[in-house]
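Each chain is listed here by its residues.
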Amino acid sequence: MRLTELLKSDEVTISCELFPPKQGAQLENYKKIVKEMAAVKPAYMSVTYGATGGTSDYTVELANEVCNVNHIPALAHLTCASSTKEKVASVINELKEHKIENILALRGDIPQNADFPLPNQYKHASELIADIKAQGDFCIGGACYPEGHPEAETIYKDLEHLKEKVDAGCEFLTTQMFFDNNILYNFMYKALKKGIDVPIVAGIMPVTNASQIKRIVSLSGNMVPPRFLAIVDRFGENPAAMKQAGIAYATEQIIDLIANGVNHVHIYTMNKPDIAGAILENLSEIYVTR
């Protein structure tokens, strides 16, 4: 199924993200995680490519497990910063072979101490999107940053680059995580004003331990609302309480998004089916599974 069939409807969709193993020996265990995640009935499941390409060898195999074994629509990530054009073409051919129709096209993090781009690499996600479009009939998504890309001078410069992705053939966008819904609403207004009118999927990260929030802030610079910091301060040293509070906070965010017309939500699960399941159970009358 092409994801735009879901994302252009008024139906509420809750989807989940997985990451593949770093080593082949872990693959069978990760396939069990896929099965457990599929059991909670997300609208679709995305499989990451690895920020530095380290886990990319198993992206297609895990996406195949999602789509063709567990019969959940799969969204395979494809990152170009650490891949050559030849490697990208090879992955595209693998996706065709497995009849996986949906690709999330990303530039990705530039590897440290690397010359980038080399002549056989893509420089921007917009270039990758255009090339995927030329190589097959895929439904292509891209990433967006409600607080602005860390490398962008301003949010408006970032929106200019985002419009280039859409013009290149990006059919929907998935946001970086955020913890204050007003940031997303403000971003969506600016994006629409810029002529970006493709579906936007809200990315939600359930923070279930205190160390997560420190890492998130250090890597992405996300703004963390005082009310959430208070939760971390109060429950951070009690793992069970922090998990419960993190699930509750993510649930509250999702309910507010849907109440305000943002019908499509993507949960960054960190490969934890129990957390995704708990959130979807909280939404059992709001998100009606197929």
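Rules behind the numbers
Residues numbered from 1 in each chain as written. Predicted model: local features only at pLDDT ≥ 70, side-chain atom pairs only at ≥ 80, totals over all residues. Heavy atoms only, no water. Helix = DSSP H or I, 4+ residues; strand = E, 2+ residues; numbered from the N terminus. Rg over C-alpha atoms; globule rule 2.2 N^0.38 Å. Buried < 20%, exposed > 50% of the residue type's maximum accessible area, 1.4 Å probe, protein only. Contact = heavy atoms within 4.5 Å. Areas by Shrake-Rupley, 256 points an atom, 1.4 Å probe, with all protein chains shown as cover. Lys, Arg positive; Asp, Glu negative; His and termini not counted. Charge placed at Lys NZ, Arg CZ, Asp CG, Glu CD. Salt bridge = Lys/Arg side-chain N within 4 Å of Asp/Glu carboxyl O. Phe/Tyr/Trp six-rings, centres within 6.5 Å; stacked < 30°, edge-to-face > 60°. Lys NZ or Arg CZ within 6 Å of the ring centre and 35° of its normal. Pairing = 2+ DSSP bridges. Axes fitted to C-alpha atoms, helices over the stretch in contact; angles between N-to-C directions. pLDDT = per-residue confidence, 0-100. Core = buried A, V, L, I, M, F, W, Y, C linked by side-chain atoms within 4.5 Å. Arc of directions from axis to C-beta. Expected span 1.5 Å × (residues − 1).

Caption draft 1: Quick peek at the overall build of the chain. Helix and strand content of the chain: 11 helices and 8 strands. Relative to the 2.2 N^0.38 estimate, which gives 19 Å for 290 residues, the radius of gyration of the chain is 18 Å and therefore close to what a compact globule would have. Principal-axis analysis of the C-alpha atoms gives the chain an extent of 50 × 45 × 40 Å. Buried positions account for 53% of the 290 residues belonging to the chain. Here the contacts in the chain between residues at least 6 apart in sequence split such that 81% fall between residues at least 24 apart. Split by element, the accessible area of the chain, about 13600 Å² in all, is 50% carbon and sulfur. The centroid of the 27 positive side-chain charges in the chain is displaced by 1 Å from the centroid of its 35 negative side-chain charges.

Caption draft 2: Region of interest: the pattern of salt bridges. Taken as a whole, this structure holds 10 salt bridges when the rule is applied. A salt bridge links Lys133 to Glu171, with the nearest nitrogen and oxygen atoms 3.4 Å apart. Placement of the pair is Lys133 in helix H5 (residues 125-135) and Glu171 in the loop between helix H6 (155-168) and strand E6 (172-175), with a sequence separation of 38 residues. Look at Lys133 and you get partly exposed, because its relative accessible area is 38%. Residue classification places Glu171 among the buried positions, given a relative accessible area of 17%. When salt bridges with common partners are traced through the structure, they connect Arg2, Lys133, Asp137 and Glu171 into a single cluster.

Caption draft 3: Region of interest: the packing of aromatic side chains. For the coordinates displayed, the defined rule picks out 3 aromatic pairs. Arranged with centres 6.3 Å apart and planes meeting at 65°, the rings of Phe19 and Tyr30 form a pair that is edge-to-face. With Phe19 in the loop between strand E1 (13-18) and helix H2 (27-39) and Tyr30 in helix H2, this residue pair connects regions lying 11 residues apart in the sequence. Looking at Tyr30, the relative accessible area reads 13%, which means it is buried. Site record: aromatic cluster; members linked through ring pairs are Phe179, Phe228 and Tyr249. One residue, Lys85, lies across the ring of Tyr122, its end atom 5.3 Å from the ring centre.

Caption draft 4: A look at the sheet that holds strand E3 (residues 74-79). Strands sit in the order E1-E2-E3-E4-E5-E6-E7-E8 around a closed barrel of 8 strands; the barrel is parallel. On average, adjacent strands in this sheet sit at an angle of 30° to one another, irrespective of strand direction. In this sheet, strand E7 (residues 200-204) lies alongside E6 in parallel orientation, the contact comprising 2 bridges. The residue bridging Thr174 from the neighbouring strand is Val201, located in E7. Strands E1 and strand E2 (45-47) of the sheet are contacted by H2, whose axis makes an angle of about 170° with E1.

Caption draft 5: Geometry of the side chain of Ser46. Positionally, Ser46 belongs in strand E2. Accessibility expressed as a relative area gives 1% for Ser46, which makes it buried. Those residues in contact with Ser46, other than ones at most four positions away along the chain, are Cys16, Glu17, Leu18, Leu75, His77 and His266.

Caption draft 6: How the structure looks around the confidence of the model for the chain. With 93% of its residues at a pLDDT of at least 70, the chain reaches an overall mean of 91. When pLDDT is averaged over each helix and strand of the chain, the minimum, 72, is found for helix H8 (residues 210-220) and the maximum, 98, for E6.

Caption draft 7: Broad picture of the nonpolar core. One finds Ile14, Leu78, Ile132, Leu173 and Ile254 to be the most contacted residues of the largest nonpolar core, which totals 79 residues. Of the residues forming this core, the biggest block, 6 residues, is contributed by H2. Beyond its immediate chain neighbours, meaning those up to four positions away, Ile132 contacts Leu78, Ile92, Ile103, Ala105, Phe138 and Ile140. Counting 15 residues, the second-largest nonpolar core is a separate cluster that includes Phe179, Met205, Met242 and Tyr249.

Caption draft 8: Region of the structure containing H5. Of the positions making up H5, those classed as buried are Ala125, Ser126, Leu128, Ile129 and Ile132. Down the axis of H5, the buried set is contained in an arc of 160°. They therefore lie on one face. The inward-facing, buried residues of H5 abut E3, helix H4 (85-97), strand E4 (102-106), strand E5 (139-144) and H6.

Caption draft 9: Quick look at helix H10 (residues 239-259). The end-to-end C-alpha distance of H10 is 30 Å, a good match for the 30 Å that 21 residues give at a rise of 1.5 Å each. Inspection of H10 places Ala241, Met242, Ala245, Gly246, Ile247, Tyr249, Ala250, Thr251, Gln253, Ile254, Leu257 and Ile258 among the buried residues, and these make up the whole buried set. Gly261 sits one or two residues past H10 and shows a positive phi near 90°.

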